[in-house]
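Residue-level structure breakdown
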Amino acid sequence: MRIEAAEMKLITLPLRFRFETSFGVQTERHIIVLTLYGEGLEGYAETVMEHTPHYREETIAGAWALLEELLIPQVLGKDIANPEALWAHIRNFRGNKMTKAALEMAFWDLWCKSLGQPLWKVLGGVREEIPVGISLGIEPSIEATVEKVGKGLEQGYKRIKLKIKPGWDVKMLMAVREAYPDANLTVDANSAYTLNHVATFKAMDAAGLDYIEQPLAFDDILDHAKLQAAISTSICLDESITSPEDARKALEIGAGRVINLKPARVGGILASRKIHDITESYGLPVWMGGMLEAGIGRAANIHVATLPMFVKPGDTSSASRYWEEDIIEEALEASGGMMAVPQAPGLGVTPKREFIDRLALKSAYVASS
Ligand code: OSB
Ligand code: MG
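Presented here is a report on the structure given in the accompanying data block.

1. A look at unusual backbone geometry
The phi angle at Glu-39 is positive, at roughly 50°, despite the residue not being glycine. Position of Glu-39 among the secondary structure elements: in the loop between strand 2 (24-38) and strand 3 (41-46).

2. Observations regarding the layout of surface pockets
Roughly 440 Å³ of volume is contained in the largest pocket. Looking at the largest pocket, it is lined by 20 residues, and the ones nearest its centre are Phe-17, Leu-136, Glu-139, Lys-148 and Arg-321. Those elements that provide at least two residues to the lining of the largest pocket are strand 1 (5-21), strand 5 (134-136), helix 5 (142-154) and helix 12 (319-322). Sorting elements by how many residues they give to the lining of the largest pocket places helix 5 first, with 5 residues. Grouping the constituent residues of the lining of the largest pocket by class yields 8 nonpolar, 5 polar and 7 charged. A volume near 300 Å³ is recorded for the second largest pocket. Where the lining of the second largest pocket is concerned, the elements lending two or more residues are helix 2 (83-90), helix 3 (97-115) and helix 10 (269-281). Top contributing element to the lining of the second largest pocket by residue count: helix 10, with 5 residues. Considering only residue class, the lining of the second largest pocket consists of 6 nonpolar, 2 polar and 7 charged.

3. Examining the environment of Gly-314
Its place among the elements puts Gly-314 in the loop between helix 11 (295-304) and helix 12. For the pair formed by Gly-314 and Lys-161, sequence separation is 153 residues and the distance between their alpha carbons is 9.7 Å.

4. A closer look at the site of ligand 1
If you check the shell around ligand 1, you find 16 residues, and the closest are Ser-135, Lys-163, Asn-190, Leu-292 and Tyr-322. One of the side-chain N or O atoms of Lys-163 is found 2.9 Å from an oxygen atom in ligand 1. One of the side-chain N or O atoms of Lys-262 is found 2.9 Å from an oxygen atom in ligand 1. Notes on ligand 1: free accessible area 390 Å², of which the protein chains cover 99%. Among the detected pockets, ligand 1 sits in the largest cavity. For the shell around ligand 1, the per-class residue count stands at 5 nonpolar, 3 polar and 8 charged.

5. Examining the coordination of the magnesium ion (ligand 2)
Binding of the magnesium ion (ligand 2) to the protein goes through Asp-188 (OD), Glu-213 (OE) and Asp-238 (OD), at separations of 2.0 to 2.3 Å. Donor residues for the magnesium ion (ligand 2) sit on one chain with the sequence pattern D-x24-E-x24-D. Here Asp-188, found in strand 7 (residues 185-188), pairs with Asp-238, found in the loop between strand 9 (235-237) and helix 9 (244-252); they are 50 residues apart in sequence, far enough to count as distant.

6. Here we look at the sheet that holds strand 14 (residues 360-367)
If you trace the 4 strands from one edge of the open sheet to the other, you get 3-2-1-14, paired in antiparallel fashion. Only two strands of the sheet have a single neighbouring strand rather than two, namely strand 3 and strand 14. Taken over all neighbouring pairs, the strand axes of this sheet differ in orientation by 25° on average, direction set aside. Bridge count between strand 1 and strand 14: 7 bridges; the pairing is antiparallel. Each residue of the ladder has a partner; that of Ala-6, found in strand 14, is Val-366. Each of strand 2 and strand 3 touches helix 3; the most contacted strand, strand 3, lies at about 150° to it. The strands touched by helix 11 within the sheet are strand 2 and strand 3, with strand 3 carrying the most contacts at an inclination of about 95°.

Parameters at a glance
Every chain is numbered on its own, with residues counted from 1 as its sequence reads. To read the labels, note that chains go from A and ligands from 1, taken in the order they are written. Totals for whole chains, interfaces and linings use all residues, but because this is a predicted model, local features are given only for residues with pLDDT of at least 70 and pairs of side-chain atoms are given and counted only at 80 or more. Only hydrogens and water are removed before side-chain values are computed, so all heavy atoms of the structure are retained for them. Going along the chain from the N terminus, every DSSP run of H or I of four or more residues is numbered as a helix, and every run of E of two or more is numbered as a strand. Buried and open spaces are told apart on a 1 Å grid over the protein atoms alone, a cavity being a set of points where a 1.4 Å probe fits but cannot get out and a pocket being an open set with protein on both sides within 12 Å along at least five of seven lines. Residues with an atom within 4 Å of a point are the lining residues. Grid points are joined across faces, edges and corners, and a volume is the space filled by probe spheres set on the points. In the scheme used here, Gly and all other residues not listed as nonpolar or charged are polar, with Ala, Val, Leu, Ile, Met, Phe, Trp, Tyr, Cys and Pro taken as nonpolar and Asp, Glu, Lys and Arg as charged. Nearness is defined per residue: one heavy atom within 4 Å of the molecule or strand is enough. Two N or O atoms count as a polar contact when they lie within 3.5 Å, although within protein this holds only if one can serve as hydrogen donor and the other as acceptor, and sequence-adjacent residues are included solely when both atoms are side-chain atoms. The accessible surface values rely on the Shrake-Rupley method and a 1.4 Å probe; as for residues, cover is taken only from the protein chains in view. Pocket occupancy is defined atom-wise: a molecule lies in a cavity or pocket when more than half of its atoms are within 2 Å of its grid points. Only N, O and S atoms count as donors, using a 2.8 Å limit from the metal and a wider 3.2 Å limit for Na, K and Ca, and since water is excluded some coordination spheres may look unfilled. Between any two strands, pairing holds if DSSP finds at least two bridges. Axis definition: a line fitted to C-alpha atoms, limited for helices to the stretch in contact. Angles are taken between N-to-C directions and run from 0 to 180 degrees. Contacts are assigned to residue pairs that have any heavy atoms within 4.5 Å of one another.

Right, dumping it as structure tokens:
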């Protein structure tokens, strides 16, 4: 597959809800839509990093520059046999996993289209629909939270994840648990706590959570291992895992018992499959996380979640929860807590070109000579 040209469009897409986490409030997403052109086909990806470095270090501004000036020029005009071969050109650049993931994931789409196969089949997926839940932001009140959890359960979502921060945790959680004694509940702290809060987490053991997501620092595994040893609820790692090596080390020292796998956070789909296999070797589950993706990124996550160890419900809920209008033609909608996997070649989705152009704040086109 010869990559002949690449195009980037920066868009902002307003969220249908105000999403508050311990690191801030989001009302819109900033997304770079990347298209790779080769052999008459197009491969798509969208970036997932935040506009500001509040989740991990990467930013949209950094991704734009890195893609345009270094990553795309590395692969342009080259004949690339498969995703492994793509990595030969970018492996020596350190870090920047989400930016590299955009390039890798657009290439997967292009490559699977050249094979005439949907991504999930090429990956060796085992299911044609995936179980999904929702991630609820920090709400103005406990009453509002209880109501939103109820709506999510009514819609059939299989797990409700609640964002927490110091001062918005045990009391809120106990109220939700009392209202829904049998619901599959989890919490996500996005790194808002330290080991000084062990008592808070011990108190959460009584809430019967499936797991506590990323309680401690975004780049830590050691303190997570100490916390895991002190509580009975499983810890799930999100921010801390950016590579297969991170996953191996974290599971080896007992920093958690579950991994929230977001393909873009770990550098893309090849790394996701490796992490999937590592967790399998420990007999531990993974689940598909989300970064409030629009249709292109959401579709990619759905395909990857067909791998065998994605047994827990993920964050890949209906696109209509997030967007008035999505950037793809297809409607990625869950029903009864299950999301169907697109079946056309590659990601199986079609970007709405005119809509994306209308939203574009900035574009770049890079062609090989
Ligand atoms: O920590 O999982 C997270 C959204 C943006 C950044 C980080 C996270 C999230 C979510 C929402 O929890 C997941 C989704 O609905 O896509
Ligand atoms: Mg998280």
